Amino acid sequence: MLKQNFKRRLILVMLGVFSLGVAGCGKQTEVIAETKEAVAEVEVVPKEDNLLSAAEGFAGGDGSEESPYQIATAEQLVYLSEMINSEDNSLETINLREGYYVLTDNIELNDLTDFDNWETQAPQYEWNPIANTAGNEFKGHFDGNGYAVKGMYIESDYSYSKKNLTGDGSSIGLFGYLTDATVENVVIEDSLIVANNDVRYAGSIAGHSMGSEIVNCHSSAKLKINMAEECGGIVGYAINRDDFEGNIGVQVMKDCVYNGTLIFLSPEKERMIEIGGVVGRASGIMENCSNKGTMQLEGEYKEISHEIGGIAGVFSLGNDSMSGCINEADIEVDGNPTLGGVCGSLSGMSEFSDESASADFCLSSCSNTGKIAATGEDSCVGGVIGSIGAFGEDSIVIEKCTNSGSVFGGLHVGGICGESINSATKWEMANCTNSGSVDSGLWTGGIMGYIGSVQEESVIKNCVNEGKVAGRQEVGGIAGGYFAYNVAQAESRASFTIANCENKGIVSHTERGISGLGGIIGYLQLDEPTDIIYIDGCKNSGVVSGKETLRAGGIVGSLSTVSAGAGGFCSITNCENTGDIMQEGGTIEVTADLAKGGELSFENAEDKAWSILGGSSMGGITGYFKQGVIENCVSTGSFYILDGVNPMFSYADLSKNLNDDATESQVFVGGICGLYYYEDGSEGYTPETCYVRNCRYADSIPEGVVYALPDEAAMATVSDVTAIKGTN
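Along each chain, the written sequence defines residue order, and numbers are assigned to residues from 1. Reporting of local features is limited, given that this is a predicted model, to residues whose pLDDT is at least 70; pairs of side-chain atoms are given and counted only at 80 or more, and all residues count toward the totals for whole chains, interfaces and linings. With hydrogens and water set aside, each side-chain value is computed from the structure's full complement of heavy atoms.

1. A closer look at the confidence of the model for the protein chain
Detailed reading of predicted coordinates is not advised where the pLDDT is low.
Okay, step 1: Residue-level pLDDT values for the protein chain average 81, and 75% of them are 70 or greater.
Okay, step 2: The quantity called pLDDT is the predictor's confidence in a given residue, expressed from 0 to 100. The contact criterion used is simple: two residues touch if any of their non-hydrogen atoms lie within 4.5 Å. Low pLDDT, under 50, characterises residues 1-48; the stretch is placed with 147 contacts to residues that sit more than four places away or in other chains.
Okay, step 3: In the model, residues 350-359 has pLDDT below 50 throughout and makes 24 contacts with residues more than four positions away in sequence or in other chains.

This is the structure we're talking about:
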């Protein structure tokens, strides 16, 4: 969805304890001991408030790349902050903002003896961020050299309301604003930031970064956030810089780790919120970043505009990439956010264009292992991505991503992605695997929950689901459903493909109702002749289990059109089902011995067809199928029904009209298709183009296809659909 880049934010942030376990830390003790003896004594000038006094200079260096300014004490770091924040725009100040700096020792900004009580009893000194105003951005190079900055304390109300500090307080962290800067090898430990009124961006390394490089930075900071927008464990807001004159500064974040505690209090309803374990909103290049911390989201998140991710809350699209990022944090939220284990939302339009790029955005080799859950009925949740909502001429590739954490939500829920909604963007999801349980969505899928209107050639391919998938309505081992009808994006509707995907997990309904339940996709809703779905080379070996009333298939649960005479077409080819299809709790295996004949009581074929459509159906390939092709498919799975339910294999099995009392005691069963319905006069299609051909099914089932047609003469072509002998 489109976002405004600049919005007012109210953020409450606190930063806690991090124990960094990297090889470089083990070497620091010796280096520190040697450096302390070498550091020159620098006079400290006292101040009459709670800010630590600044030194009168640095420990050494001239600020050049060859000889960076050396910072060895807390007072020298305060000196850097004061010089950068100066309203003096002299050449000296500008040079300082663009200079090179290096830490030569650990920095302790406060006595840490009473650190655990800082939330109730503030420490002696506050930190005023380096470059605390948008007009005095830091544009230089800061190398933490693997040393830690400890004891950083910011309390925004206290600092900017009660103290006479420079800066507007809208962006807080070690740095406030970075532009075309480099910050690397910085460690933040034992620090607390409380960000309240008027805070706009918050992160432990920087609040706001544009066109900068942030590399190998680690933080165990504790962030407590209230009514804010862009907030992250490392950076709040990190995007590409574009001067709109063709000059682009790419934002880069690499090898950054957050291992602290991020707490977000209940937001105001009307505010947009973007929260990430590493970054709140990002664009550019993001590589090998991870969230190993704790995320606590308190209160109720009422809006889908509350976007939350284990790595990034939102990633704005452009010729950008995110790769190798890992979230290990559990994220549990009350309400209806857009929530993803790695990224809450992929949204927006390109910030710059590169016609030579194969894709405008690529998310690759990212994974989630944490529990990802939202309680609201309108929540959108994905194990890796919450939502794809992109516009413009972008294209998106999501590849080699995995989820092993449990995923729970209310509306659109997927093991990899919750939804692709209103997307006028071509996208591809390839070689992704889900092994976590996926539960409770209205539209629920092992890979993707809900697929809305798409651009031509959008595809899910070579994806595997191994986790249990359970949902309330439209449920599939790969995708919950595809809903092509969308007035807002009518021009974007086109063909969509699911190819060479496999489901190995149990697929089930949690509520009763005639809805789609499929080993690959639960439900297809088509409208226009351009709405064409291709399902090719897919396999299902998982059990497909529904309630008493169901439309269940080994590959597709149900296909329908928006209205009578509407267009739309589905092609199912080269697919295989070996999974059993059953009514939940059913123990009666469907065999030819259960076939029961009877006399039809319908006055005409049309009445017969519409009555049949009200009933349950189970098919080895599709449960209910309306106008399309089923070709070169095989199903060897068994069917199980509840005791007392009558299976029907043909029209002759109907002994009375179907009605509300009868539907639960009867189910149509076909070895290939439970019910096949072609509506004569459907726009763009004829009986000759709608057929079942070259399919095989288990010989225990009397019939391959059950037909429901308003016009017997308009029956679709059926040829070479035979039972496989000896399969049962």
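2. Looking at the nonpolar core
Okay, step 1: Think of a nonpolar core as a cluster: buried Ala, Val, Leu, Ile, Met, Phe, Trp, Tyr and Cys residues, connected wherever their side-chain atoms sit within 4.5 Å. Each residue is assigned to one of three classes by its accessible area relative to the maximum for its type, calculated with a 1.4 Å probe on protein chains only: buried under 20%, partly exposed between the two thresholds, exposed over 50%. In this structure, Leu 77, Phe 142, Met 322, Leu 346, Met 429 and Ile 535 are the most contacted members of the largest nonpolar core, which totals 156 residues.
Okay, step 2: By definition, any uninterrupted DSSP run of H or I lasting at least four residues is a helix, any uninterrupted run of E lasting at least two residues is a strand, and each is numbered from the N terminus. Per-element accounting of this core gives the leading share, seven residues, to helix α2 (residues 74-85).
Okay, step 3: Ignoring sequence-local partners within four residues, the contact set of Ile 535 consists of Ile 498, Ile 521, Leu 524, Ile 555, Val 556, Cys 570, Ser 571, Ile 572, Thr 573 and Cys 575.
Okay, step 4: By size, the runner-up hydrophobic cluster in this structure holds six residues, among which are Tyr 624, Met 648, Phe 668 and Tyr 677.

3. Focus: the pairing of strand β32 (residues 320-323)
Okay, step 1: Going residue by residue along β32, you find Asp 320 and Met 322 tucked away on one face and Ser 321 and Ser 323 left uncovered on the opposite face.
Okay, step 2: Relative to strand β37 (residues 361-364), β32 runs parallel, the two being bridged by four bridges. Paired with Ser 321 across the bridge in β37 is Cys 362. One bridge is not enough; two strands pair if DSSP finds at least two bridges between them.

4. Topic: the packing of aromatic side chains
Okay, step 1: Working definition: rings of Phe, Tyr and Trp (its six-membered ring) pair if their centres are within 6.5 Å, and the pair is stacked with planes under 30 degrees apart, edge-to-face with planes over 60 apart, and tilted otherwise. For the structure on display, the rule yields 18 aromatic pairs.
Okay, step 2: With centroids separated by 6.4 Å and ring planes inclined at 85°, the aromatic side chains of Tyr 177 and Tyr 201 adopt a geometry described as edge-to-face. Here the residue Tyr 177 occupies a position in strand β8 (residues 175-179), and Tyr 201 occupies one in strand β12 (residues 201-202), the gap between them amounting to 24 residues. Here Tyr 177 and Tyr 201 have matching classes, each one buried.
Okay, step 3: Clustering of aromatic rings is evident, with ring pairs tying together Phe 58, Tyr 69, Tyr 79, Tyr 101, Phe 138, Phe 142 and Phe 175.
Okay, step 4: Two conditions define a charge located above a ring, namely a distance within 6 Å from the ring centre to NZ of Lys or CZ of Arg, and an angle within 35 degrees of the ring normal. Taking the ring centre of Tyr 624 as reference, the NZ or CZ of Arg 551 above it sits at 4.4 Å.
Okay, step 5: Taking the ring centre of Tyr 691 as reference, the NZ or CZ of Arg 693 above it sits at 3.8 Å.

5. With respect to the sheet that holds strand β23 (residues 261-265)
Okay, step 1: Across the sheet, five strands lie side by side as β6-β11-β16-β23-β28; this open sheet has parallel pairing. A strand with exactly one partner marks an edge of an open sheet, and here the two such strands are β6 (153-155) and β28 (294-297). Going across the sheet, the axis of each strand differs from the next one's by a mean of 10°, ignoring polarity.
Okay, step 2: Pairing of β6 with strand β11 (residues 192-195), which is carried by three bridges, proceeds in the parallel orientation. Bridge pairing links Tyr 153 to Leu 192 in β11. In this analysis, axes come from line fits to C-alpha atoms, helices being fitted only over the stretch in contact, and the angle between any two N-to-C directions falls in the range 0 to 180 degrees.

6. Here's the deal with the pattern of salt bridges
Okay, step 1: We define a salt bridge as a side-chain nitrogen of Lys or Arg found within 4 Å of a carboxyl oxygen belonging to Asp or Glu. One pass over the full model with this rule turns up 11 salt bridges.
Okay, step 2: One salt bridge connects Glu 274 with Arg 281, and the closest N-O pair in it is separated by 2.9 Å.
Okay, step 3: With a relative accessible area of 0%, Glu 274 lands in the buried category.
Okay, step 4: Linked by salt bridges that have partners in common, Glu 230, Glu 274 and Arg 281 make up one network.

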